[in-house]
Amino acid sequence: MQILDMNMINFRNLDDEHLEFDRRFNLFLGKNGQGKTSILEAIYFTMTGKSFRTSKNKEMIKYGYHKMGSFVNYEDKIALKSLSVKIDEKKKFYSYNKKNVKYGEFLGKINVISFIPEDIELIIGSPSVRRSFFDYEIAQADPEYYLYLKSFSKLLKFRNKYLKDRNTRDPIFEIYNLEFIKYASLVIKKRIEYVKNISRLLSLNYRKLFDGEKELSLVYKSFLGEMRSPTVEEIEGKIKKSYEKVRERELRYGYSLIGPQRDDFLFLLSGKEAKAYSSQGEKKSIVFALKISEIDMIIKEKKETPIFIIDDISSYFDSIRKENILKYFQRREIQLFISSTSDLDIDARRFHIDRGGISGE
Ligand SMILES: Nc1ncnc2c1ncn2[C@@H]1O[C@H](COP(=O)(O)OP(=O)(O)OP(=O)(O)O)[C@@H](O)[C@H]1O
Ligand SMILES: [Mg+2]
């Protein structure tokens, strides 16, 4: 997939512009505070409806304004298409091929992977950071997962409400609970599959790009303990048993004590947990290897190449790692949007950013 051009209005400090992109490499150059991250964020936002650095829509609207919007034309294997997102202070509006659509329909139309300095949180942050990351990534390649997760979250709320009201003798609770367990199992099954598939790629990519001596692995830490390739029924059985064990305690606490809403994902570098043992550079490289591995996950699921965004490459890696990364992208047919404070040794369309103004070469 490739984005051909973009229009934006009132996006952070950026001037309202129409930009035409290269089908391969696009490089955004500028000093600190000029708008490099903002332009990459605008691109990511138009494709996903989300920012990669904030969950607050309002932050993306230019100071002093109340509305913001952006529009891209892109091409997949089939045709030329378009997406746009608009925000006013309270609501977001999505459109696909100029027709308004709901988020569920918008999600995953273009697949995009971003790598930004804050991504280090994936290693050092709390389990909820990893959960939301993997939930989003699995959902963008697998629309079924999005639906499962939506139902699961809704049922979790119902379940917690009944527990809070100490109302679990109500026959309706039993119905909700069975549905809850069903969707919890489906979510867990998909997570297990995803981790299994991406793990192979992770190790391979880490070795190829960064360190041939080390082995990188990802472990899905579910409340059910380790499971290799369970069926949904087996997971359901295990969940039912686990809930029976905590039944009394759940009633005392008044909310769900166990479940996929509390799962975690661990990165291990040569068997040691990265969060505790890996160096800064290694942590960044682990996250990068993860993002690179997603490329192949998306190609496998969607039969389309995703778009890749790298913010501030110079602040991340030493010159050897940087060179390896650029070489990697030169070998692959992927459209890349990259920003840097200093020029890079690649054949790219260059955009210079100065106080929000963008000029192409
Ligand atoms: N909603 C907004 N409206 C207007 N300006 C904003 C808004 N949000 C952030 N800014 C400003 O936009 C400027 C550009 O920010 P951005 O993060 O894009 O810079 P950058 O080029 O990536 O810098 P660095 O190299 O330091 O990462 C900053 O001065 C920031 O304070
Ligand atoms: Mg920046």
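Residues numbered from 1 in each chain as written. Chains lettered and ligands numbered in written order. Predicted model: local features only at pLDDT ≥ 70, side-chain atom pairs only at ≥ 80, totals over all residues. Heavy atoms only, no water.

J.: Describe the overall build of the chain, with residues and values.
T.: Within the chain, the secondary structure is distributed over 10 helices and 15 strands. Computed over the C-alpha atoms, the radius of gyration of the chain is 22 Å, within 12% of the 21 Å expected from 2.2 N^0.38 for a compact globule of 361 residues. Taking the principal axes of the C-alpha coordinates as reference, the chain spans close to 70 × 50 × 40 Å. Within the span of the chain, comprising 361 residues, buried residues form 54% of the whole. (Helix = DSSP H or I, 4+ residues; strand = E, 2+ residues; numbered from the N terminus. Rg over C-alpha atoms; globule rule 2.2 N^0.38 Å. Buried < 20%, exposed > 50% of the residue type's maximum accessible area, 1.4 Å probe, protein only.)

J.: Describe the domain arrangement of the chain, naming the residues involved and giving the relevant values.
T.: Each assigned domain of the chain is listed with its residue range as follows: domain 1 (1-111 + 305-361) and domain 2 (120-303). One C-alpha centre belongs to domain 1, the other to domain 2; they are set 28 Å apart. At the interface, 24 residues of domain 1 touch 20 residues of domain 2. The contact between domain 1 and domain 2 buries some 2,000 Å² in all, and 64% of this surface belongs to carbon and sulfur atoms. Run the count over domain 1 and domain 2 and you get seven residue pairs in polar contact (both at pLDDT 80 or more). Of all the secondary-structure elements, those providing two or more residues to the side of domain 1 that touches domain 2 are helix 1 (36-48), helix 2 (103-106), strand 12 (307-310) and helix 10 (319-331). Counting residues per element, the side of domain 1 that touches domain 2 draws most heavily on helix 10, which supplies five residues. The residue inventory of the side of domain 1 that touches domain 2, partitioned by class, reads 13 nonpolar, seven polar and four charged. (Domains from an automatic or database assignment. Contact = heavy atoms within 4.5 Å. Buried area = accessible area lost by both parts, 1.4 Å probe. Polar contact = N/O pair within 3.5 Å; in protein donor to acceptor, adjacent residues only side chain to side chain. Nonpolar A, V, L, I, M, F, W, Y, C, P; charged D, E, K, R; others polar.)

J.: Just give me the short version of the packing of helix 9 (residues 280-302) against helix 10, but keep the residues and values in it.
T.: Any two packed helices are characterised by the angle at which their axes cross and by the distance between the axes. Where helix 9 contacts helix 10, the axes come no closer than 13 Å and their chain directions differ by 5 degrees. When the axis of helix 9 is compared with that of helix 10, the two are roughly parallel. On helix 10, the residues that touch Gly281, Glu282, Ser285, Phe288, Ile292, Ile295 and Asp296 of helix 9 are Arg321, Ile325, Tyr328 and Phe329. Along the lines of polarity and charge, the residues of the contact of helix 9 with helix 10 split into six nonpolar, two polar and three charged. (Axes fitted to C-alpha atoms, helices over the stretch in contact; angles between N-to-C directions. Parallel < 35°, antiparallel > 145°, perpendicular 65-115°, else oblique.)

J.: Any details on the sheet that holds strand 3 (residues 25-29)? Residues and values, ideally.
T.: One open sheet holds the six strands; their spatial order is 8-12-13-3-14-15, and the pairing between them is mixed. Two strands bound the open sheet, and with one partner strand each, they are strand 8 (112-115) and strand 15 (357-360). The sheet shows a mean angle of 15 degrees between the axes of neighbouring strands, taken without regard to direction. Pairing of strand 3 with strand 14 (residues 349-354) involves four bridges; the strand directions are parallel. Across the sheet, Asn26 pairs through a bridge with Arg349, a residue of strand 14. (Pairing = 2+ DSSP bridges.)

J.: Tell me what's going on with the pairing of strand 12, and back it up with residues and numbers.
T.: The alternating pattern of strand 12 places Ile307 and Ile309 and Phe308 and Ile310 on opposite faces, both of which are buried. Sheet topology note: the strand 8/strand 12 ladder contains four bridges and is parallel. Each bridged residue has a counterpart across the sheet, and for Ser114 the counterpart in strand 12 is Ile309. Pairing geometry for strand 12 and strand 13 (residues 336-340), over three bridges, is parallel. Bridge assignment links Ile309 to a residue of strand 13, and that residue is Phe337. With respect to chirality, the unit in which strand 12 leads through helix 10 into the neighbouring parallel strand 13 is right-handed. (Right-handed = clockwise from strand over helix to strand, strands pointing away.)

J.: Explain the sheet that holds strand 2 (residues 17-20) residue by residue, including any values.
T.: Strands sit in the order 2-1-4-5-6-7 across an open sheet of six strands; the sheet is antiparallel. Each having just a single partner strand, strand 2 and strand 7 (99-101) make up the two edges of the open sheet. For this sheet the average axis-to-axis angle between neighbouring strands, irrespective of direction, equals 20 degrees. Packing of helix 1 onto the sheet brings it into contact with strand 1 (2-9), strand 2, strand 4 (68-75) and strand 5 (80-87), and relative to strand 1 it is tilted by some 105 degrees.

J.: An account of helix 4 (residues 127-141) is requested, with residue identities and associated values reported.
T.: Compared with the 21 Å implied by 1.5 Å per residue over 15 residues, the 21 Å span of helix 4 between its first and last C-alpha is a close match. With 11 of 15 residues buried, helix 4 is to be regarded as a mostly interior element. Within the sequence span of helix 4, burial applies to Arg130, Arg131, Phe133, Phe134, Asp135, Tyr136, Glu137, Ile138, Ala139, Gln140 and Ala141. (Expected span 1.5 Å × (residues − 1).)

J.: Please provide a residue-by-residue account of unusual backbone geometry, values included.
T.: In this model, Lys303 sits at a positive phi of 55 degrees, which is unusual for a non-glycine residue. Within the element layout of this structure, Lys303 appears in the loop between helix 9 and strand 12. For Lys303, a relative accessible area of 53% corresponds to the exposed category. Positioned with a positive phi, Arg355 is a non-glycine residue whose angle comes to about 45 degrees. By the element assignment, Arg355 lies in the loop between strand 14 and strand 15. By relative accessible area, which is 68% here, Arg355 ends up exposed.

J.: Which residues make up the nonpolar core, and what values do they have?
T.: Within the largest apolar cluster, 113 residues are counted, with the highest numbers of intra-cluster contacts made by Ile39, Ile43, Phe288, Phe308, Ile310 and Phe329. Per-element tally for this core: the top contributor is helix 6 (residues 171-209), with 14 residues. Structurally, this core is a two-domain feature, drawing no fewer than three residues from each of domain 1 (1-111 + 305-361) and domain 2 (120-303). Phe329 has contacts with Arg24, Phe25, Phe288, Ile292, Ile295, Phe308, Ile310, Ile334 and Leu336, leaving out every residue within four places of it along the chain. (Core = buried A, V, L, I, M, F, W, Y, C linked by side-chain atoms within 4.5 Å.)

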